[in-house]
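# Observations on the model geometry
Each chain, written out:
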Amino acid sequence: MELALFCTKVNILILVLALCSPCKFFQSPVDFGSSDFLRTRDTAASLDFGRLVFNSPSAVLRPRSPMGISLLLTFLSASSFSQVTVAARGAGHSIHGQAQALDGIVIEMDSIPSDIYIHKRGDDEVGFSHADISGGALWIELLEESLKLGLAPRSWTDYLYLSIGGTLSNGGVSGQTFKYGPQISNVLQLDVVTGKGELMTCSPTKNSELFYAVLGGLGQFGIITRARILLQDAPQKVRWVRAFYDDFDTFTGDQELLLSMPDLVDYLEGFIVPNQPSLLGTSIAFPAHLGFMPEFHKVYYCIEFAVHDFQTGGANAEQVVEKITKQMSHMPSLVHSVEVSYFDFLNRVRIEEMSLRSRGLWEVPHPWLNMFVPKSGIKHFKDLLLDNIPPEEFEGPILVYPLLRDKWDANTSAVLPDAPVEQVVYIVGVLRSATPASCSARCLGDILRRNRRIAEAASAPRIGGKQYLPRHPSPLHWRDHFGLRWNRFAARKSLFDPLGLLAPGQGIFAGTHDSTV
């Protein structure tokens, strides 16, 4: 064991020396004992889902355990090679190169075994059911394993082929967030390698400053190598409902009505329907004929909600849905309800993905814009959005749905709008795809500039929004983003990653040089 550790340390020294030397190529992998380094310009590590930024690393680390990550960061933080930066890459689903490291080292987290352990709480046991899982594992893996014991996490993202550590480093939101909070509010414990190479276990009661720092911390303070996720009993079926509107105020009013029914409603989202292709695109996974194909002389809106059906005694989900919809003010006869399995409901975006892949429309640029908007500014934001994006031009969904501020722990590094007196906050996701047939490189640049204009206007006091999954152009813009939270964020950086080794792709603390479309 000591000999293997020594060899690993020597190989790390050799690699880092090579990174800092004029020589730029190793033609074969370097064996690091507990880790594998590939000294190459790795194409996959310079690519992400956004396909907007392309920063090539000088090396890729595929660790077999967290110890390989710890050894690397310990060496870098204790040496004179602090110019070598490090980024952790999960499923590669970033939009703006956040998991890239120009001329640095990218750590492929999926090389660490998923190693999922499910603990189901006994009837007389104090505490919670939970899952222990590697930070590089995917949420779909956790769902599949936990369902074998009739359990599942409480809070999700819409797309499940994302890494555990990746979403916990950002927030993790979906239709369950209004009820249970984001994924970062449903974590019991973490194992983290800090920027100094320290392997630490943390929780709300142990190393709590690190625990809250890394949750929503954009990878700035440490790399999540393992997480303990809160679980609950999983239903067998879900009653999935869509209701349509032609008035925005009525649409948001009904969303806030459902927001007030957490004992009945288990999932709540909504979206804008600007044109016919948008309606068809958002209906691929919905297993029912909507019978709704209006002339698009105006913009429509859709509420999507779900009720869990445990198929036990008492009122069934269909009766609950009927009780809810009687209180709603949707367009007459335009409410549709279907029953699906719990797994198929949570994995619904996979169906849309496979449809897009079959048409060559998945691996295209995704100039997405995500924002949190306070309730008082949501109508102004809708007008701003539609004034800047002609409805007939838009491709992709525009998500709009409410969350509750008090479901977010203010100790984490996540940022919500600076309007603490407003409990209701909307998340808006402008999930546009730039397909080759509809958008040239010049067109893509126009979309990105338009997104920046929208984000800047929405961040002004009139609307008071904050970007989610942001990409700001400079450290100064990041300071504005964090606002009063900046001093705490910077102090945590000094404490856990004082040399600024981690997550250079975010561009928070120093300028980066990007290869951007």
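Before reading further, recall that the structure is shown in the block above.
In this report, we go over the structure that sits alongside the text. Quick caveat, the model's predicted, so the values are computed rather than measured.

### Regarding the overall build of the protein chain
- Helix and strand counts for the protein chain stand at 15 helices and 19 strands.
- For the protein chain, the residues scored as buried account for 56% of the 517 residues in total.
- A separation threshold of at least 6 residues defines the contact pool for the protein chain, and within that pool the share at least 24 residues apart is 76%.
- If you sum the accessible surface of the protein chain, you get close to 21300 Å²; carbon and sulfur atoms cover 54% of it.

### So, the nonpolar core
- With 85 residues, the main nonpolar core has I164, L168, L190 and I229 as its most contacted residues.
- Here the element with the most residues in this core is helix α6 (residues 208-214); it accounts for 5 residues.
- The contacts of I164, once residues within four sequence positions are left out, are I133, S134, G135, A137, L138, W139, L142, A227 and I229.

### Some details on helix α7 (residues 248-259)
- In this model, α7 (12 residues) spans 16 Å end to end at C-alpha, consistent with the 16 Å of a helix rising 1.5 Å per residue.
- Among all positions in α7, only F248, F251, T252, D254, Q255, E256, L258 and L259 are buried.
- Where α7 begins, the side chain of D247 points an oxygen toward the backbone nitrogen of D249, at a separation of 3.2 Å.

### Points about the pattern of salt bridges
- Applying the stated criterion across every chain, the model contains 22 salt bridges.
- Beyond isolated ion pairs, a larger network of salt bridges with shared partners links R350, E353, R357 and E363.

### What about unusual backbone geometry?
- One non-glycine residue with positive phi stands out, namely D115, at about 45°.
- The residue D115 is located in the loop between β5 (105-108) and β6 (117-119) in this model.
- Backbone geometry places L218, a non-glycine residue, at a positive phi of 60°.
- Among the structural elements, L218 can be located in the loop between α6 and β11 (222-233).

### Quick notes on the pairing of β5
- Neither face of β5 is open: one carries I105 and I107, the other V106 and E108, and all of them are buried.
- Here strand β3 (residues 59-63) runs beside β5; their pairing, made up of 3 bridges, is parallel. Residue L61 lies in a different strand from β5, and its bridge partner there is I107.
- In terms of strand pairing, strand β4 (residues 86-89) meets β5 through 4 bridges, oriented parallel. Bridge assignment links A87 to a residue of β5, and that residue is V106.

### Here's the deal with the pairing of strand β10 (residues 199-202)
- Burial of the side chains of β10 is restricted to one face: M200 and C202 are buried, whereas none of L199 and T201 on the reverse face is.
- Bridge count between strand β9 (residues 187-194) and β10: 4 bridges; the pairing is antiparallel. Across the sheet, the residue bridging to L190 is C202, located in β10.
- Counting the residues in the hairpin turn of β9 and β10 gives 4 residues, including G197, whose phi is positive at 90°.

### Quick word on the sheet that holds strand β18 (residues 424-430)
- Judged by pairing direction, the sheet is antiparallel, and its 8 strands sit side by side in the order β15-β12-β14-β13-β17-β18-β16-β19 without closing on themselves. Looking at strand neighbours, the two that pair on one side only are β15 (335-341) and β19 (466-467), the edges of this open sheet.
- One ladder, built from 2 bridges, connects strand β16 (residues 369-374) with β19; its direction is antiparallel. Considered in β19, the bridge of M371 is made with Q467.

What counts, and at which threshold
- Throughout, a residue's number is its position along its own chain's written sequence, starting from 1.
- Thresholds applied to this predicted model are a pLDDT of at least 70 for local features of residues and 80 or more for the giving and counting of side-chain atom pairs; totals over whole chains, interfaces and linings are not thresholded and use all residues.
- Water and hydrogen atoms play no part in the side-chain values, which are based on all heavy atoms of the structure.
- Secondary structure elements are taken from DSSP: a helix is a run of H or I of four residues or more, a strand is a run of E of two residues or more, and numbering for both begins at the N terminus.
- Note on exposure labels: buried denotes an accessible area under 20% of the residue type's maximum, exposed denotes more than 50%, and partly exposed covers the range between, all computed with a 1.4 Å probe on protein chains only.
- The contact criterion used is simple: two residues touch if any of their non-hydrogen atoms lie within 4.5 Å.
- Note on areas: Shrake-Rupley, 1.4 Å probe, and residue coverage restricted to the protein chains presented here.
- What we call a nonpolar core is a set of buried Ala, Val, Leu, Ile, Met, Phe, Trp, Tyr and Cys residues that are connected through their side-chain atoms within 4.5 Å.
- Here a helix's expected span is defined as the number of its residues, less one, multiplied by 1.5 Å.
- Here a polar contact means two N or O atoms within 3.5 Å. Within protein one must be a hydrogen donor candidate and the other an acceptor candidate, and residues neighboring in sequence count only if both atoms are side-chain atoms.
- In what follows, salt bridge is the name for a side-chain nitrogen of Lys or Arg lying within 4 Å of a carboxyl oxygen of Asp or Glu.
- Two strands are counted as paired when DSSP detects at least two bridges linking them.

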